[in-house]
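One-letter residues, chain by chain:
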Amino acid sequence: MADEAIVVLTGAGISKESGLDTFRDTDGVWGRVRLEDVATPEGYRRNPQLVHAFYNARRRQLASGSAQPNAAHLALARLEREWRGEVVVITQNIDDLHERAGSRNLIHMHGELLKGRCDLCGEISPWPDDLDLDSVCPGCNHKGRVRPHVVWFGEVPLDMPLIFSALDRCRTFVAVGTSGNVYPAAGFVTHVRSRGPARTIELNLEPSLGATLFHETIYGPATEVVPEFVEAILAGRKTG
Ligand code: APR
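A brief structural summary. (Residues numbered from 1 in each chain as written. Predicted model: local features only at pLDDT ≥ 70, side-chain atom pairs only at ≥ 80, totals over all residues. Heavy atoms only, no water.)

## Topic: the pairing of strand E2 (residues 87–91)
Then, in step 1: By the criterion of burial, E2 is predominantly enclosed, with 5 of the 5 residues buried.
Then, in step 2: Residues of E2 alternate between two faces, with Val87, Val89 and Thr91 on one and Val88 and Ile90 on the opposite face, all of them buried.
Then, in step 3: Examined bridge by bridge, E2 and strand E3 (residues 106–108) share 3 bridges and lie parallel to one another. Residue pairing for E3: valine 89 is matched across the bridge by leucine 106. (Buried < 20%, exposed > 50% of the residue type's maximum accessible area, 1.4 Å probe, protein only. Helix = DSSP H or I, 4+ residues; strand = E, 2+ residues; numbered from the N terminus. Pairing = 2+ DSSP bridges.)

Laid out in C-alpha coordinates, this is it:
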(Lines give C-alpha, C1' and ligand atoms only; values in the text may rest on other atoms or scores of the structure.)
Protein backbone atom coordinates (compact mmCIF):
# COMPACT_ATOMS: atom_id res chain seq x y z
CA MET A 1 0.00 0.00 0.00
CA ALA A 2 1.47 3.33 -1.01
CA ASP A 3 0.54 4.98 2.27
CA GLU A 4 2.73 2.52 4.14
CA ALA A 5 5.87 2.89 2.03
CA ILE A 6 8.95 3.96 4.00
CA VAL A 7 12.10 5.51 2.49
CA VAL A 8 15.27 5.64 4.58
CA LEU A 9 18.14 7.86 3.44
CA THR A 10 21.47 6.96 5.04
CA GLY A 11 24.79 8.76 5.22
CA ALA A 12 28.26 8.13 6.60
CA GLY A 13 27.05 8.43 10.19
CA ILE A 14 25.36 5.03 10.04
CA SER A 15 28.72 3.39 9.29
CA LYS A 16 30.75 5.38 11.84
CA GLU A 17 30.29 2.80 14.62
CA SER A 18 31.45 0.12 12.18
CA GLY A 19 34.80 1.93 12.11
CA LEU A 20 34.39 3.82 8.82
CA ASP A 21 35.07 7.55 9.05
CA THR A 22 32.49 10.15 8.19
CA PHE A 23 33.42 13.09 5.97
CA ARG A 24 32.70 16.25 7.95
CA ASP A 25 33.11 15.29 11.58
CA THR A 26 36.25 16.68 13.21
CA ASP A 27 38.03 13.36 12.51
CA GLY A 28 36.41 13.12 9.07
CA VAL A 29 37.91 12.28 5.69
CA TRP A 30 37.72 15.83 4.29
CA GLY A 31 39.81 17.04 7.19
CA ARG A 32 42.67 14.82 5.98
CA VAL A 33 42.50 15.08 2.20
CA ARG A 34 41.12 17.73 -0.18
CA LEU A 35 37.92 16.53 -1.81
CA GLU A 36 38.89 18.59 -4.90
CA ASP A 37 41.89 16.28 -5.33
CA VAL A 38 40.23 12.89 -4.84
CA ALA A 39 36.47 13.26 -5.34
CA THR A 40 36.11 15.32 -8.53
CA PRO A 41 36.56 14.46 -12.25
CA GLU A 42 39.12 17.30 -12.46
CA GLY A 43 41.15 15.79 -9.63
CA TYR A 44 41.08 12.41 -11.41
CA ARG A 45 42.24 13.94 -14.68
CA ARG A 46 44.99 15.88 -12.85
CA ASN A 47 46.35 12.97 -10.82
CA PRO A 48 44.65 9.58 -11.35
CA GLN A 49 47.31 7.78 -9.26
CA LEU A 50 46.41 9.92 -6.21
CA VAL A 51 42.70 9.19 -6.67
CA HIS A 52 43.33 5.44 -7.10
CA ALA A 53 45.52 5.43 -3.98
CA PHE A 54 42.76 7.18 -1.97
CA TYR A 55 40.06 4.67 -2.99
CA ASN A 56 42.43 1.68 -2.83
CA ALA A 57 43.11 2.46 0.85
CA ARG A 58 39.35 2.68 1.60
CA ARG A 59 38.64 -0.45 -0.49
CA ARG A 60 41.33 -2.45 1.33
CA GLN A 61 39.87 -1.40 4.68
CA LEU A 62 36.39 -2.51 3.57
CA ALA A 63 37.57 -5.72 1.85
CA SER A 64 39.66 -6.65 4.93
CA GLY A 65 36.38 -7.31 6.77
CA SER A 66 37.48 -5.06 9.67
CA ALA A 67 34.24 -3.09 9.22
CA GLN A 68 31.14 -5.12 10.01
CA PRO A 69 27.48 -4.10 9.67
CA ASN A 70 26.34 -2.61 12.99
CA ALA A 71 23.01 -2.70 14.87
CA ALA A 72 21.69 0.21 12.82
CA HIS A 73 22.31 -1.53 9.47
CA LEU A 74 20.76 -4.71 10.89
CA ALA A 75 17.72 -2.81 12.20
CA LEU A 76 17.01 -1.35 8.73
CA ALA A 77 17.25 -4.84 7.19
CA ARG A 78 14.78 -6.07 9.87
CA LEU A 79 12.42 -3.19 9.03
CA GLU A 80 12.49 -4.25 5.36
CA ARG A 81 11.72 -7.86 6.30
CA GLU A 82 8.99 -7.23 8.87
CA TRP A 83 7.26 -4.01 7.84
CA ARG A 84 3.86 -4.53 6.15
CA GLY A 85 4.64 -2.08 3.33
CA GLU A 86 7.55 -1.27 1.02
CA VAL A 87 10.86 -0.16 2.56
CA VAL A 88 13.54 1.40 0.33
CA VAL A 89 17.00 2.32 1.63
CA ILE A 90 18.69 5.06 -0.38
CA THR A 91 22.29 5.27 0.73
CA GLN A 92 24.89 7.95 0.04
CA ASN A 93 27.49 5.49 1.34
CA ILE A 94 29.77 3.52 -0.97
CA ASP A 95 30.44 0.74 1.57
CA ASP A 96 28.61 -2.62 1.39
CA LEU A 97 27.42 -2.74 5.00
CA HIS A 98 23.70 -2.43 4.16
CA GLU A 99 23.94 -5.42 1.79
CA ARG A 100 25.88 -7.46 4.31
CA ALA A 101 23.27 -6.58 6.96
CA GLY A 102 20.56 -8.03 4.68
CA SER A 103 19.00 -4.96 3.06
CA ARG A 104 17.80 -5.86 -0.46
CA ASN A 105 15.71 -2.91 -1.62
CA LEU A 106 18.78 -0.66 -1.70
CA ILE A 107 19.91 2.19 -3.96
CA HIS A 108 23.56 3.33 -3.90
CA MET A 109 23.12 6.88 -5.22
CA HIS A 110 26.84 7.68 -4.89
CA GLY A 111 28.07 4.36 -6.29
CA GLU A 112 29.94 1.47 -4.69
CA LEU A 113 33.55 1.26 -3.51
CA LEU A 114 33.83 -2.47 -4.39
CA LYS A 115 33.01 -1.86 -8.07
CA GLY A 116 34.95 -0.37 -11.00
CA ARG A 117 33.53 1.37 -14.06
CA CYS A 118 35.20 1.63 -17.46
CA ASP A 119 35.44 5.15 -18.85
CA LEU A 120 35.51 3.70 -22.38
CA CYS A 121 32.80 1.05 -22.55
CA GLY A 122 30.86 1.81 -19.35
CA GLU A 123 31.19 -1.76 -18.02
CA ILE A 124 30.58 -1.89 -14.25
CA SER A 125 32.33 -4.83 -12.60
CA PRO A 126 33.01 -6.09 -9.08
CA TRP A 127 36.43 -4.78 -7.97
CA PRO A 128 37.48 -5.92 -4.47
CA ASP A 129 41.21 -5.36 -5.16
CA ASP A 130 43.36 -2.34 -5.93
CA LEU A 131 42.53 -0.32 -9.03
CA ASP A 132 45.30 1.45 -10.95
CA LEU A 133 46.41 2.56 -14.41
CA ASP A 134 47.44 -1.00 -15.24
CA SER A 135 43.96 -2.35 -14.52
CA VAL A 136 42.26 -3.93 -17.54
CA CYS A 137 38.53 -3.56 -18.18
CA PRO A 138 36.84 -7.01 -18.29
CA GLY A 139 34.35 -5.57 -20.78
CA CYS A 140 36.55 -4.07 -23.50
CA ASN A 141 40.05 -5.25 -22.42
CA HIS A 142 41.44 -1.74 -22.54
CA LYS A 143 44.04 -0.90 -19.87
CA GLY A 144 44.04 2.15 -17.61
CA ARG A 145 40.47 3.27 -18.18
CA VAL A 146 38.74 1.67 -15.17
CA ARG A 147 37.81 4.20 -12.44
CA PRO A 148 36.16 3.74 -9.05
CA HIS A 149 32.40 3.28 -9.56
CA VAL A 150 31.87 6.27 -7.26
CA VAL A 151 29.93 9.47 -8.01
CA TRP A 152 32.21 12.50 -7.60
CA PHE A 153 31.26 16.10 -6.92
CA GLY A 154 29.91 17.64 -10.11
CA GLU A 155 28.66 14.28 -11.38
CA VAL A 156 25.05 13.13 -11.47
CA PRO A 157 24.06 10.68 -8.71
CA LEU A 158 22.87 7.24 -9.85
CA ASP A 159 19.26 6.00 -10.20
CA MET A 160 17.65 9.41 -9.68
CA PRO A 161 14.40 8.44 -11.52
CA LEU A 162 14.11 5.37 -9.25
CA ILE A 163 14.85 7.53 -6.21
CA PHE A 164 12.21 10.13 -7.00
CA SER A 165 9.54 7.52 -7.68
CA ALA A 166 10.32 5.98 -4.26
CA LEU A 167 10.15 9.45 -2.65
CA ASP A 168 6.82 10.14 -4.41
CA ARG A 169 5.37 6.84 -3.08
CA CYS A 170 6.50 7.09 0.51
CA ARG A 171 4.53 8.46 3.45
CA THR A 172 7.39 8.10 5.93
CA PHE A 173 10.84 9.51 5.18
CA VAL A 174 13.70 8.84 7.59
CA ALA A 175 17.22 10.31 7.35
CA VAL A 176 19.96 8.49 9.27
CA GLY A 177 23.53 9.70 9.84
CA THR A 178 23.74 12.44 7.23
CA SER A 179 24.77 16.07 7.73
CA GLY A 180 22.48 17.53 5.07
CA ASN A 181 25.44 19.19 3.33
CA VAL A 182 25.22 17.55 -0.08
CA TYR A 183 22.45 17.81 -2.67
CA PRO A 184 20.35 16.26 -4.12
CA ALA A 185 20.13 14.00 -1.01
CA ALA A 186 19.78 16.98 1.35
CA GLY A 187 16.70 18.08 -0.59
CA PHE A 188 14.82 14.74 -0.44
CA VAL A 189 12.98 15.64 2.78
CA THR A 190 11.61 18.83 1.18
CA HIS A 191 10.55 16.88 -1.91
CA VAL A 192 8.64 14.35 0.21
CA ARG A 193 6.89 17.11 2.16
CA SER A 194 5.93 18.89 -1.09
CA ARG A 195 4.19 15.74 -2.34
CA GLY A 196 1.56 15.63 0.40
CA PRO A 197 1.09 14.46 3.98
CA ALA A 198 4.12 12.53 5.22
CA ARG A 199 6.06 11.86 8.39
CA THR A 200 9.68 12.96 8.21
CA ILE A 201 12.12 11.90 10.90
CA GLU A 202 15.83 12.67 11.40
CA LEU A 203 17.89 10.11 13.33
CA ASN A 204 21.39 11.52 13.83
CA LEU A 205 24.13 12.07 16.39
CA GLU A 206 23.37 15.79 16.36
CA PRO A 207 21.12 18.19 14.43
CA SER A 208 21.99 18.22 10.72
CA LEU A 209 21.88 21.33 8.54
CA GLY A 210 18.37 20.29 7.56
CA ALA A 211 17.12 19.44 11.08
CA THR A 212 14.30 22.02 11.04
CA LEU A 213 12.87 20.42 7.87
CA PHE A 214 11.91 17.26 9.76
CA HIS A 215 8.69 16.77 11.79
CA GLU A 216 10.54 14.62 14.31
CA THR A 217 14.18 14.50 15.34
CA ILE A 218 15.80 11.81 17.50
CA TYR A 219 19.46 12.24 18.46
CA GLY A 220 21.98 9.68 19.60
CA PRO A 221 24.37 7.10 18.15
CA ALA A 222 22.81 5.22 15.21
CA THR A 223 23.35 1.85 16.89
CA GLU A 224 21.03 3.03 19.68
CA VAL A 225 18.42 5.26 18.02
CA VAL A 226 17.85 3.23 14.83
CA PRO A 227 17.02 -0.12 16.48
CA GLU A 228 14.75 1.69 18.96
CA PHE A 229 13.03 3.53 16.11
CA VAL A 230 12.50 0.33 14.10
CA GLU A 231 11.18 -1.48 17.18
CA ALA A 232 8.65 1.32 17.77
CA ILE A 233 7.54 1.43 14.12
CA LEU A 234 7.03 -2.33 13.98
CA ALA A 235 5.13 -2.30 17.30
CA GLY A 236 2.91 0.50 16.06
CA ARG A 237 4.14 2.70 18.90
CA LYS A 238 4.82 6.41 18.72
CA THR A 239 8.47 7.07 17.88
CA GLY A 240 10.69 9.67 19.56
N1 APR B 1 25.46 7.87 14.71
C2 APR B 1 24.64 8.69 13.99
N3 APR B 1 25.08 9.77 13.31
C4 APR B 1 26.40 10.02 13.34
C5 APR B 1 27.32 9.22 14.06
C6 APR B 1 26.80 8.10 14.76
N7 APR B 1 27.58 7.28 15.47
N8 APR B 1 28.56 9.75 13.90
C9 APR B 1 28.42 10.84 13.12
N10 APR B 1 27.13 11.01 12.78
C11 APR B 1 26.53 12.05 11.94
C12 APR B 1 27.24 13.39 12.01
O13 APR B 1 26.72 14.17 13.08
C14 APR B 1 26.91 14.00 10.64
O15 APR B 1 25.68 14.71 10.70
O16 APR B 1 26.66 11.63 10.61
C17 APR B 1 26.72 12.77 9.74
C18 APR B 1 27.86 12.57 8.77
O19 APR B 1 27.87 13.68 7.90
P20 APR B 1 28.93 13.71 6.71
O21 APR B 1 30.28 13.35 7.22
O22 APR B 1 28.73 15.00 5.99
O23 APR B 1 28.49 12.49 5.75
P24 APR B 1 27.30 12.47 4.70
O25 APR B 1 26.17 13.32 5.14
O26 APR B 1 27.02 11.04 4.41
O27 APR B 1 27.99 13.13 3.39
C28 APR B 1 27.23 13.13 2.20
O29 APR B 1 29.16 13.93 0.99
O30 APR B 1 31.41 13.79 0.81
C31 APR B 1 30.24 13.44 0.20
O32 APR B 1 29.80 11.63 -1.21
C33 APR B 1 30.10 11.95 0.12
O34 APR B 1 28.17 10.58 0.48
C35 APR B 1 28.93 11.64 1.03
C36 APR B 1 28.15 12.93 1.02
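## Quick notes on the packing of aromatic side chains
Then, in step 1: Per the counting criterion, the structure on display carries 8 aromatic pairs.
Then, in step 2: Plain terms: the ring middles of tyrosine 55 and tryptophan 152 are 6.4 Å apart, the flat faces sit at 40° to each other, and that makes the pair tilted. Here the residue tyrosine 55 occupies a position in helix H4 (residues 48–63), and tryptophan 152 occupies one in the loop between strand E6 (146–150) and helix H7 (160–169), the gap between them amounting to 97 residues.
Then, in step 3: The exposure class of tryptophan 152 is buried, given its relative accessible area of 2%.
Then, in step 4: Judged by centre distance (5.8 Å) and plane angle (80°), the rings of phenylalanine 164 and phenylalanine 188 are edge-to-face. Of this pair, phenylalanine 164 sits in helix H7 while phenylalanine 188 sits in helix H8 (residues 188–194), placing them 24 residues apart in sequence.
Then, in step 5: Each residue in the set Phe23, Trp30, Tyr44, Phe54, Tyr55, Trp152 and Phe153 is aromatic and connected to the rest through ring pairs, giving one cluster. (Phe/Tyr/Trp six-rings, centres within 6.5 Å; stacked < 30°, edge-to-face > 60°.)

## Brief notes about the side chain of glutamine 92
Then, in step 1: For glutamine 92, the location among the structural elements is in the loop between E2 and helix H6 (97–101).
Then, in step 2: Engagement of the side chain of glutamine 92 in a polar contact is seen with the side chain of threonine 178, the distance being 2.8 Å.
Then, in step 3: When near neighbours in sequence (up to four residues on either side) are disregarded, glutamine 92 contacts Leu9, Thr10, Gly11, Met109, His110, Thr178, Val182 and Ala185. (Polar contact = N/O pair within 3.5 Å; in protein donor to acceptor, adjacent residues only side chain to side chain. Contact = heavy atoms within 4.5 Å.)

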